[in-house]
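Observations on the model geometry
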Amino acid sequence: MSFPEVIEQSNQVLQALVDAGERVIGYVYPHPPHEILIAHGLKPSLVRTNPSVVGAYEASLQTFSCSLTRNLFSQRVSSSFPLLAGIVFSGNTCDALQNVGDIWRKRFPEDRVLRLTYPVGDFGEASVDFLSMEIEALSNELTGLYGVAFSESNFRTAALLLHEIRDVLQLFYTVRLLYPSLISYNTLSNLVGEFLTAPTQEASERMKGKWEEVVEKLDTNQKNTVEQLRESLLNQDLSDFEAEIDSANHRIAVIGGMVEPSTLAGLMENIPGITHTTLVLDMLSFGFKTVFTPPVSIEGDPFRESARSILGAHSEPTQEGLPKRTAFLKDVLTKLSIHGLIVCEQSFCDPDEFEAPSLEKAAEEVGVATVKLPLDSELSDRARIEGRIQTFLETINAS
Amino acid sequence: MSDEKPYRKLETQALLQQIAFRHGMEAMAASEEGNLAWVSSGFPVEIPVAMNVFPTYPEQSGAIIGATKIGPEVCGFAEDLGYSQELCSYARASIGSTDRPDDVAMGALPKPQAFLGCNNICGTILKWYDANSEQTGAPVFLLDTPPLEAEQKPHHRAYVKQGLERLIEFLGKTFNTTLEEDKFREVADLSSRAIKLWTQSLKACQNKPSPLNCADRFLTMAPVVSSRGMEHCTEFYEVLLAEVEDRVKQSIGAIREEKIRLLWDNIPPWFILRFFNQLAARGVVFPADTYTHAWSGAVEGTDTDSLLDGVVDIYSNVYLNKNLDAKVDKMCQLIKDFDLDGFVMFSVRSCKRYSLGQLVSKEIVTEKTGVPGVVIEGDMVDSRLFNEAQIQTRVDALLEMFV
């Protein structure tokens, strides 16, 4: 499915939810407190960029605002935004999102713009304390805005649902890494896309059905290996993971920030030299990092447990922890036999662009070739991007 | 034709050069002794200073690199390492000059033992110092001060205060030092006195003619950024204030013929400070700006705990850590207090935290104050991103409104 088709399908799903009387709340940063939002009777949905909408932001944003915010703003100005009951902007994640949330409130006073402020620091319980208070404040605001109080029972149901969805998506990611012929990256990205559009019971059932098809092709040893790697990826520690990886074909991974797996899947499908087993892993914010988030415990305080889950995910370039991220990347590249790394840089995205040289250096230190891919939400330079990927693959193939 | 310049140079500038030289020498000595930290401009420097850790400022280094017109070259060194030209030019200048210090005539800083960053000025600071840390091996300490929506909430205060406690622990371990209460109080007092003197100099610009212009303030702000909490910083601002008050007493303006009074918003283009002097020739003075007014507020308290509370207050509430409404309010207040005719917003491509929102706030400020404004776009260090002719055209259009 191409990215425009993903957008189209996502909008149809959202429209159906709205028609059925559901309230859909959009989020921009890939680590929203899904379970808390659902506990207020809301359906959380990633606010996506739309490559077909361009250039309607100029009266409010300068060109050096990141391409993500420019595109979202353009969609809103041109009234092509999905029907949302509200939108949650992140605070303290990057300067563009921080300021654009304020600008949005000024330009569209009729919109319900909420803010969830995240800790940048990796300070253990202090960070959990802070984020849990922020989530509780958000919850109170939701109660006031929508007249629906936090429901403990909905929270428990949501925690179970999110656990199931993430669990099965983690398995897909792991199978893709170990046995890429069993699930295409395109399928994986579509399933992740469904999660991002709306984590519903129906989506979960579809994912579980697909998993049944995949798991029956695995023998017992393979199942054990999949489970072991999934745990290692979730714990961000590959030190104990040992397995024979079939690396006869070239294996490529992708890393970067605010890019969706389906964008990449769409980019890759027509490039000569890409086979169905080439792209084995994305480590993107909207893909891998959203999926590899530990489950929310239903035993403790919901806000605190939600904060603990969010902060337990793989950290973003907007957070402290660059040395930890580069060390983990090196482990992934070496232990999972990756031959080439594509580093995505979203145009005018400070966190992406600052981190890219460090990621390239880390890959270089373990002998993995890299290519940097400057992207914008409209893929306005698509031919050149495809050319870069093709050249990169040819270089790897020749080595 | 008269050779007389349209602006008046401050006598205090000679002292400024001495202070800058002294600061540079002390930084080199501190580096050799293992006591140097690179510090962001909004960092609560009173704590490292009280713990005998010497601070030096990459942002000031960036300003010097910009002012000496080597910005494109030094930023280019960082671009050669893979850092995008779209990134902050202070950061690129810092990364570039760290990579090739011998190729930077002025502005390369001595090697630090730690990086102390506070994200109350921008989110970039963490990424920038992470890059510097990879280059030097020195660790990064981040003081996380989440941006404020309105009043600071109790859990924000608690979180920032915990950060300060971690800072004291970090400095203790990294530099084998402790925080003594008497010393902390003394440094905080010196810092507060310097800021009070600086604030008085800024306030004096409410007079007509204004005793200081933008360029004067951008230069004389250096000690309050780099040497807060040090004796010589306070002494410098005593001298500056005396000169400013003398100008006011004698009705001597920063420019010879003051006709139009404007507000400046944002960091200046360091490589072309003559921009302000050229406007001075047309009778335009900038009695106020949002940038130099950012250093205000005193750290007060009677013991370590209350001083830390004071630090939380001051450093969480800096201009750039507040929302768009607060920024608009500040601009409107400055326009009113300084009786300004209009404003110029410099949209700095390097600084998203400062610049994104200007297109909207321009409209609101004009609506609230009734004075016109203009947005011009460029950069503070990288002159490749500054189109002088285009900017001149826009400023001309603004000035025509006052004829």
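Residues numbered from 1 in each chain as written. Chains lettered and ligands numbered in written order. Predicted model: local features only at pLDDT ≥ 70, side-chain atom pairs only at ≥ 80, totals over all residues. Heavy atoms only, no water.

Concerning the overall build of chain A
- For chain A, the helix and strand inventory stands at 15 helices and 8 strands.
- Over its C-alpha trace chain A gives a radius of gyration of 20 Å, about what one expects of a compact globule, namely 21 Å for 399 residues.
- Taken along its principal axes, the extent of the C-alpha atoms in chain A is 60 × 50 × 40 Å.
- Looking at chain A as a whole, 61% of its 399 residues are labelled buried.
- Once local pairs closer than 6 in sequence are excluded, the contacts in chain A between residues at least 24 apart make up 75%. (Helix = DSSP H or I, 4+ residues; strand = E, 2+ residues; numbered from the N terminus. Rg over C-alpha atoms; globule rule 2.2 N^0.38 Å. Buried < 20%, exposed > 50% of the residue type's maximum accessible area, 1.4 Å probe, protein only. Contact = heavy atoms within 4.5 Å.)

Quick word on the environment of Ala-397 of chain B
Residues and elements named next belong to chain B.
- Tracing the chain through its elements places Ala-397 in helix α17 (residues 388–400).
- The partly exposed category is assigned to Ala-397, whose relative accessible area is 40%.
- With 176 residues separating them in the primary sequence, Ala-397 and Met-221 have C-alpha atoms 30 Å apart.

Quick look at the interface of chain A and chain B
- The interface of chain A with chain B comprises 49 residues on the first partner and 46 residues on the second.
- For the pair chain A and chain B, the two sides together bury roughly 4200 Å², of which 55% comes from carbon and sulfur.
- Looking only at chain A, the three residues that lose the most surface to chain B are Phe-64, Asp-95 and Phe-354 of chain A, adding up to 19% of its buried area.
- At the surface where chain A touches chain B, the tally comes to 7 salt bridges.
- Across the salt bridge formed by Glu-355 of chain A and Lys-127 of chain B, the nearest N and O atoms sit 2.4 Å from each other.
- Looking at the side of chain A that touches chain B, the elements with two or more residues in it are α4 (95–107), β4 (113–117), α5 (125–146), α13 (322–335) and α14 (350–365) of chain A.
- No other element matches the 9 residues that α4 of chain A contributes to the side of chain A that touches chain B. (Buried area = accessible area lost by both parts, 1.4 Å probe. Salt bridge = Lys/Arg side-chain N within 4 Å of Asp/Glu carboxyl O.)

A closer look at the domain arrangement of chain A
All names here are of chain A.
- According to the domain assignment, chain A consists of domain 1 (3–151) and domain 2 (154–398).
- Computed over C-alpha atoms, the centres of domain 1 and domain 2 are 23 Å apart.
- Residue-level contacts link 55 residues of domain 1 with 47 residues of domain 2.
- Interface of domain 1 and domain 2: buried area, both sides summed, is about 4200 Å²; carbon and sulfur atoms make up 63% of it.
- Linking domain 1 with domain 2 are 5 salt bridges, by the criterion used here.
- Across the pair Arg-166 and Glu-35 runs a salt bridge whose closest N-O atoms are separated by 3.5 Å.
- In this assembly, domain 1 and domain 2 are joined by 21 residue pairs in polar contact (both at pLDDT 80 or more).
- Contributing elements (two or more residues each) for the side of domain 1 that touches domain 2: α1 (3–19), α2 (34–39), β2 (42–46), α3 (67–77) and α5.
- Ranked by residues supplied to the side of domain 1 that touches domain 2, first place goes to α5 with 9 residues. (Domains from an automatic or database assignment. Polar contact = N/O pair within 3.5 Å; in protein donor to acceptor, adjacent residues only side chain to side chain.)

Concerning helix α9 (residues 220–234) of chain A
Residue and element names in this part refer to chain A.
- When the terminal C-alpha atoms of α9 are compared, their 21 Å separation across 15 residues agrees well with the 21 Å that a helix rising 1.5 Å per residue should span.
- Within α9 the residues assigned to the buried category are Thr-225, Val-226, Leu-229, Arg-230, Ser-232, Leu-233 and Leu-234.
- Buried residues belonging to α9 abut α6 (152–178), α11 (285–291) and α13.
- Measuring from the backbone nitrogen of Asn-221 back to the side-chain oxygen at the start of α9 gives 3.1 Å, which picks out Asp-219 as the cap.
- One or two steps after α9, the chain reaches Gln-236, where phi turns positive at roughly 55°. (Expected span 1.5 Å × (residues − 1).)

Some remarks on the sheet that holds strand β7 (residues 342–348) of chain B
All names here are of chain B.
- The strand order across the open sheet built from 4 strands is β6-β5-β7-β8, with neighbouring strands paired in parallel fashion. The sheet terminates laterally at β6 (284–289) and β8 (373–378), the two strands that pair on one side only. Ignoring which end each strand starts from, the neighbouring axes of this sheet average 30° apart.
- Together, β5 (260–265), β6 and β7 form the strand contacts of helix α14 (residues 324–337), whose direction differs from that of β5 by roughly 160°.
- α17 rests against β5, β6, β7 and β8 of the sheet, and its axis sits at about 170° to β8. (Pairing = 2+ DSSP bridges. Axes fitted to C-alpha atoms, helices over the stretch in contact; angles between N-to-C directions.)

Side note on the packing of aromatic side chains
All names here are of chain B.
- Enumeration over the complete set of coordinates arrives at 33 aromatic pairs over all chains.
- Look at Trp-128 and Tyr-129: their rings are 5.6 Å apart centre to centre, the planes differ by 80°, and that puts the pair in the edge-to-face class. The residues Trp-128 and Tyr-129 share a single accessibility class, namely buried.
- The interplanar angle of 80° and the centroid separation of 5.3 Å between the aromatic rings of Phe-275 and Phe-276 together place this pair among those described as edge-to-face. As far as the burial class goes, Phe-275 and Phe-276 line up, both buried.
- Three or more aromatic residues joined by ring pairs make a cluster, and in this case those are Phe-218, Trp-264, Trp-270, Phe-271, Phe-275, Phe-276, Phe-286, Tyr-291, Tyr-319, Phe-346, Tyr-354 and Phe-386. (Phe/Tyr/Trp six-rings, centres within 6.5 Å; stacked < 30°, edge-to-face > 60°.)

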